Amino acid sequence: MPTATAQPVTDPTDLVNPFIGTGTGGQFVGSVNTFPGAVAPFGMLSWSPETSSRPTGGGYNYDDSAVTGLSLTHLSGVGCPIHGDLPILPTVGAIDGAPARTTKPFSHSDEVAKPGYYRTKLEQVDVQVAATQRTGVGQFGFPASAQSNFLFKTGSSQNGNSNATVTIQGPDRLSGSISSGRFCAKQNSYTLYYAAVFDRPFTSHGTWQANTVTPGSGAAEGPGSGAWVTFDTTKQAQVGLKVAISYVSVANAWANLRAENPGWGVDPVAAQTKAAWKNLLSKVEIEGGTKDRQIQFYTALYHSLLHPNVFSDVNGEYIGFDYKVHTTAPGKVQYANFSGWDIYRTLIQLQALLAPKESSDMMQSLINNAAQGGWLPKWPVANGYTGVMNGDAAVPMISSAYAFGARDFDTKAALAAMVKGAEVVPTRDQLGQGWYEQRPGLADYKSRGYIPNTLQSDISDVNNGASATLEYTSADFSLAQFARALGDEDKYRHYLARSHNWTNLYNVHSGYLQPRGETGAFPAGNPVTTGMTNFGQSGFQEGNAGQYLWMVPHNIAGLFSAIGQDNVQRRLDAFFAESNAGPNRPFYWAGNEVNMLVPWLYTYAGAPHKTQERVHKLLTTMYSNSPGGEPGNDDLGALSSWYVWSAMGLYPTTPGTSTVAISAPIFSTVRIRTQRGVTIIQAPGAAPGKYVRSLSVNNRPSQQTYLPGLSGFNVLQFTLSDAPGTWGRDNPPPSHDTGPLDFPPGVLPVELTVDSTTVTAGAQTAATLNLDVGAGAEPAKPISVQSVNWVAQPVNGLSVTPSSGTVPVAADGTARIDVTVSASATAKQGFGSIPIALRTSGVALPQLAFPVAVIGPGKTAKACTTLGATNVEFGLAQRELAGDGVTTPVTVGGKEARRTVLRVPNNLNMYFRVDRRLAFDGSFTVTFDVTYFDSGSHGWQLQYDAVDHPYKGAINVVNQNTNTWKTMTVTVNDAKFAQRQNEQTDFRIASDQPMTIHSVQTTITGDGVLPMDLCP
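Residues numbered from 1 in each chain as written. Predicted model: local features only at pLDDT ≥ 70, side-chain atom pairs only at ≥ 80, totals over all residues. Heavy atoms only, no water.

Per an unreviewed UniProt entry, the protein chain goes by the name GH92 family glycosyl hydrolase and belongs to Kibdelosporangium philippinense.

(A) Inspection of the overall build of the protein chain at higher detail. Counting secondary structure elements, the protein chain contains 17 helices and 56 strands. Rg of the C-alpha trace for the protein chain: 30 Å, near the compact-globule value of 31 Å for 1016 residues, within the 12% margin. With the principal axes as the frame, the protein chain shows a C-alpha extent of 95 × 85 × 55 Å. Burial analysis of the protein chain (1016 residues in total) assigns 62% to the buried set. Long-range contacts, defined here as pairs at least 24 residues apart, represent 71% of the contacts in the protein chain between residues at least 6 apart. For the protein chain, the accessible surface area stands at approximately 34,600 Å², while carbon and sulfur atoms represent 48% of it. If the 69 positive side-chain charges of the protein chain are averaged to one point and the 76 negative ones to another, these points end up 3 Å apart. (Helix = DSSP H or I, 4+ residues; strand = E, 2+ residues; numbered from the N terminus. Rg over C-alpha atoms; globule rule 2.2 N^0.38 Å. Buried < 20%, exposed > 50% of the residue type's maximum accessible area, 1.4 Å probe, protein only. Contact = heavy atoms within 4.5 Å. Areas by Shrake-Rupley, 256 points an atom, 1.4 Å probe, with all protein chains shown as cover. Lys, Arg positive; Asp, Glu negative; His and termini not counted. Charge placed at Lys NZ, Arg CZ, Asp CG, Glu CD.)

(B) Region of interest: the environment of Tyr 548. In this fold, Tyr 548 is placed in helix H12 (residues 545-548). A residue is classified by how much of its surface remains accessible, and Tyr 548, at 0% relative accessible area, is buried. Between the alpha carbons of Tyr 548 and Val 670 there is a distance of 33 Å; along the sequence they are 122 residues apart. Residue contacts for Tyr 548: discarding those within four places in its chain leaves Trp 341, Ser 467, Leu 470, Leu 513, Phe 540, Gln 541, Gly 543 and Val 594. At 2.7 Å, the side chain of Tyr 548 and the backbone oxygen of Gln 541 are in polar contact. (Polar contact = N/O pair within 3.5 Å; in protein donor to acceptor, adjacent residues only side chain to side chain.)

(C) Representation of helix H13 (residues 556-563). Most of H13 sits out of view: 6 of its 8 residues are buried. Considered for burial, the residues of H13 that qualify are Ile 556, Gly 558, Leu 559, Phe 560, Ala 562 and Ile 563. Those residues of H13 that are buried are in contact with strand E24 (506-507), helix H14 (565-575) and helix H15 (601-604). Where H13 ends, the next residue or the one after it, Gly 564, has phi of about 105°, a positive value.

(D) Quick look at the sheet that holds strand E50 (residues 908-914). If you walk across this open sheet you meet the 5 strands as E47-E50-E55-E52-E53, and the pairing is antiparallel. In this open sheet, the two strands that pair with only one neighbour each are strand E47 (876-879) and strand E53 (952-958). Each neighbouring strand pair of the sheet contributes to a mean axis angle of 20°, computed without reference to strand direction. Inspection of the sheet shows E47 paired to E50 by 4 bridges, in the antiparallel sense. Its bridge partner lying in E50, Ala 877 is registered against Arg 913. (Pairing = 2+ DSSP bridges. Axes fitted to C-alpha atoms, helices over the stretch in contact; angles between N-to-C directions.)

(E) How the structure looks around the state of the cysteines. Enumeration according to the criterion identifies 2 disulfides in this entry. The disulfide bridge from Cys 80 ends at Cys 184, spanning 2.0 Å between sulfur atoms. The S-S bond linking Cys 80 to Cys 184 shows a torsion near 100°; that makes this disulfide right-handed. With a gap of 104 residues between them, Cys 80 in the loop between strand E3 (66-71) and strand E4 (88-92) and Cys 184 in the loop between strand E12 (173-181) and strand E13 (189-198) connect regions that are remote in the sequence. According to the relative accessible area criterion, Cys 80 is buried, its value standing at 15%. A sulfur-sulfur distance of 2.5 Å marks the disulfide that ties Cys 864 to Cys 1015. Here Cys 864, found in strand E45 (residues 860-866), pairs with Cys 1015, found in the segment after strand E56 (996-1005); they are 151 residues apart in sequence, far enough to count as distant. The pair formed by Cys 864 and Cys 1015 is uniform in burial state, with each residue classed as buried. Within the protein chain, bonded cysteines paired by disulfides and numbered along the sequence follow the pattern 1-2, 3-4. (Disulfide = S-S within 2.5 Å.)

(F) The arrangement of helix H5 (residues 347-354) in detail. Burial of H5 is extensive: 8 of the 8 residues sit out of reach of the surface. Buried within H5 we find Leu 347, Ile 348, Gln 349, Leu 350, Gln 351, Ala 352, Leu 353 and Leu 354.

(G) A look at the pairing of strand E48 (residues 887-892). In the sheet, E48 pairs with strand E49 (residues 895-900) via 6 bridges, with the strands oriented antiparallel. Counted as the bridge partner of Thr 891 is Glu 896 from E49. Linking two consecutive strands that pair antiparallel, namely E48 and E49, is a turn of 2 residues; a positive phi of about 60° is found at Gly 893 within it.

(H) Fine view of the sheet that holds strand E35 (residues 712-721). Spatial ordering of the open sheet is given by E19-E30-E31-E35-E32-E33, a layout of 6 strands whose pairing is mixed. What marks the edges here is a single partner per strand, and that holds for strand E19 (284-287) and strand E33 (700-701). Where strand E31 (residues 677-682) and E35 come together, 6 bridges link them in parallel fashion. Bridge pairing in E35 links Gly 677 to Gly 712.

(I) The arrangement of the pattern of salt bridges in detail. Taken as a whole and judged by the stated rule, the model has 38 salt bridges. For the salt bridge of Lys 274 with Asp 14, the shortest nitrogen-to-oxygen distance reads 3.4 Å. A residue pair is termed long-range when its members are at least 10 positions apart, and Lys 274 in helix H2 (residues 266-281) and Asp 14 in the segment before strand E1 (38-39) qualify at 260 residues. Bridged by salt links that share partners, the residues Asp 392, Glu 423, Arg 439, Lys 446, Asp 476 and Arg 498 form one connected network. (Salt bridge = Lys/Arg side-chain N within 4 Å of Asp/Glu carboxyl O.)

(J) Representation of the UniProt feature "domain: Glycosyl hydrolase family" (unreviewed entry) in the protein chain in the model. If you check UniProt for "domain: Glycosyl hydrolase family" (unreviewed entry), the listed places come out as residues 252-709 in our numbering. Across residues 252-709, the secondary structure splits into 40% helix and 11% strand, with the terminal C-alpha atoms separated by 42 Å. (UniProt positions renumbered as here; feature names shortened; annotations may be inferred.)

(K) Representation of the packing of aromatic side chains. In total, this model carries 46 aromatic pairs according to the counting rule given. With a centroid separation of 6.2 Å and an interplanar angle of 65°, the aromatic rings of Tyr 190 and Tyr 247 are classed as edge-to-face. Taken together, the residues span a long stretch of sequence, with Tyr 190 in strand E13 and Tyr 247 in the loop between strand E18 (238-246) and helix H1 (250-260) at a distance of 57 residues. For the residue pair Tyr 190 and Tyr 247, the accessibility class agrees, reading buried in each case. Pairing Tyr 385 with Tyr 436 gives two aromatic rings, centres 4.0 Å apart and planes at 5°, and the pair type is stacked. (Phe/Tyr/Trp six-rings, centres within 6.5 Å; stacked < 30°, edge-to-face > 60°.)

(L) Broad picture of the packing of H5 against helix H7 (residues 394-403). Axis separation between H5 and H7 bottoms out at 8 Å; the angle between their running directions is 35°. Where H5 crosses over H7, the handedness of that crossing is right-handed. Packed against H5, whose contacting residues are Ile 348, Gln 349 and Ala 352, the element H7 presents Met 397, Ser 400 and Ala 401 at the interface. Considered class by class, the residues forming the contact of H5 with H7 number 4 nonpolar, 2 polar and no charged. (Left-handed = near helix turned anticlockwise from the far one by under 90°. Nonpolar A, V, L, I, M, F, W, Y, C, P; charged D, E, K, R; others polar.)

Structural data, given as structure tokens:
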């Protein structure tokens, strides 16, 4: 068993392992997506390898064995591709015909990664690089060769490029620009400018554009472009390279380089950046714990201080959300890249505590974004809105930063921007950057007190009315706290009252917070399974009702009262039956942010010892000193900051306040040194599995399970034990009363299951309807139902016999209804449903509907879609994918259509998915009819999911440049349609040039096909 060390940590940078998080985390998120390369605290530039699989954001997969280049920008731990701009790859030998695809092998045995420094060997070339805030310096040791090269892959950003340029500026330097964006397939874009200079002239150079390689060329432009320079290293093996970036201009990139990196030594720059990291990391000093846990702690702290990123240049200039150049006030810095939804719970508080100056500038940066773009952003990347993740995260970010001590920003302007976003429903011409909306669904939220679950916003995979409502209530609470801190009591009362809107989603008969439909009705079925999809439940972005039940951080006491105080611990215990459940199971998901607070809720429930148990279990089972040492995407330090707080035995429970809950630390001593004071934690014998027996705060015994804040001088002295005690049971952290607990009328869930009911037009079929009355319900008090009256309504040529009746309900809640379903001869083929009204005495029951498919004869189904600004779909859907599946609406030749957009060089695709109810995972004969605009003379291919290959070519077509609409028809006999193409699609139209498509029809024949003609 590892032993604890009692020695204080003298240099925390020696305990940072940047490879933690470069592997695979939880089952449901894949790569953790951190990166190991050289970067300064909050650095604009991060010089780090892009391995062959290029995981999103971080670009480095520990399981890979080849590198495509060391790029200059990264976002640590994100879930969508972005950055990875300008991979630079050293090679030896002749330039091949596809330089952008060149990779070189590497071995972990040759790697060294430290804060600010990275070293590796790429095949024959020794590489070491170091970084300042905006620049990098590298030394590259080549073998003796007359052809030692550097490939500058300008048009090879992680998410593709809309443009890229490179110019050989002289015998030893080059520069250019890189345009990319579309984070999570949104509309944002950015342009990065770069400058590179060598310590001696190169002997030759050239450029490429896609697969066209041009020796001697001095410039190239376009996606897929790049340049190389060649050195003779037969006598001098070492080549020095310095790089710098700017988001304003090439001139500013050169100025950044002159200011920050005047020399050529890697070691001096590495030492300078290491000192900056040591100063920042040393603000938290620990003693005790095993060496592995110390490494995990300081690596988590390191990952918590990588982002947001410096965005302004040394002269203060930066590009704004209005696409104009602005200049910061003297001594200020503009920052970019805020993972809002992920970081407002724990990261912002930690950064404000440890780095209040930088955090103040970060909050001012958000305010600047609002001043220039019109609205506070959520998940901004560079100078662009992305609208990623629901809620209004900038509000709790700013309010929490202020509460934790970062206050040197324009608070008046911040409050005004918050209020605008919370009150103003934008007109079309008021949208940020032409499309961005700060609070989608705001009109309904203001008028109804909730957002109907007809809204799908902010990259949610499902309609997300409930989660958006809960996020807005949390933001409103934070806004109220910020207004009160600034002395505005009217706004405080107004937004405090609005933060009570969570009660509008609480179904007292199900015991869950649930989405409500356009009519205000709760869903009919099991509250934790109804509406489940491949990634989350309808109503909840990246989660489900079981996980979002606890999403009321400002009024925990009110939530517990609704649940029933006697039920809380039981329901929490059941919730922790799994620790990393993913979005589709109603249990704790350590790999995502929405549940971060839940282990600490036991402290509110009178069982702080269970908080200690759960937190310690998560620290020791979900985190480790290994590449896969985090349970999910780190999301710019979100999960890492949870680890830091929890390991210290502290936690910021309520966004917008300074409240910090107390638990058992895992280190014997923790010293937190900030500008506002010092907090010292002393816990002799601390380790996972220990419980708090007693606590004194500033030499006074305390049963209080929280601190009002971490300002001033605090000494927490713990006595720990091996068994649970009674400490703190009657002293929970504060919960904020936001109003009376008045809930909407409850509806008892009833789950309806029926064997797949298909009926041929003009015929009838028998069906059994199985009811589960009270399915999944957890009401505060049990509800008993003895019988149910039911009435079926005829609709669209469908009828039921008998059409009504009364059925008994068994003790386990089950009931059975036997009926005959009839379809008239004129009933339209397609998927429909028959409404059923339920009634019983004493409790409201939902209105149900059971699905019926009206089919035709034979074994053939037809599905089609017409494309345009809004696609019209009949069993066939075009799917928009980031990277190689981007399209845009166009009107050409008198027809609306969609056109593929070049984001990945030579790889433009339009993806389609067939409704799996029609045909799935078989062997089918399929006829494809594609109406396309015949322009240009390039070729394209229809590739489908075949039995023997998921991207089999069906036909090759060469356009004839007639500038007319044409229809291509092709039939294949081996379609599998198991959704094995990207993002679970079935076929795609692939080309190396843009294609314009108006409509697509599929005619599918074979065993297992549901015979149904859905096309008009």
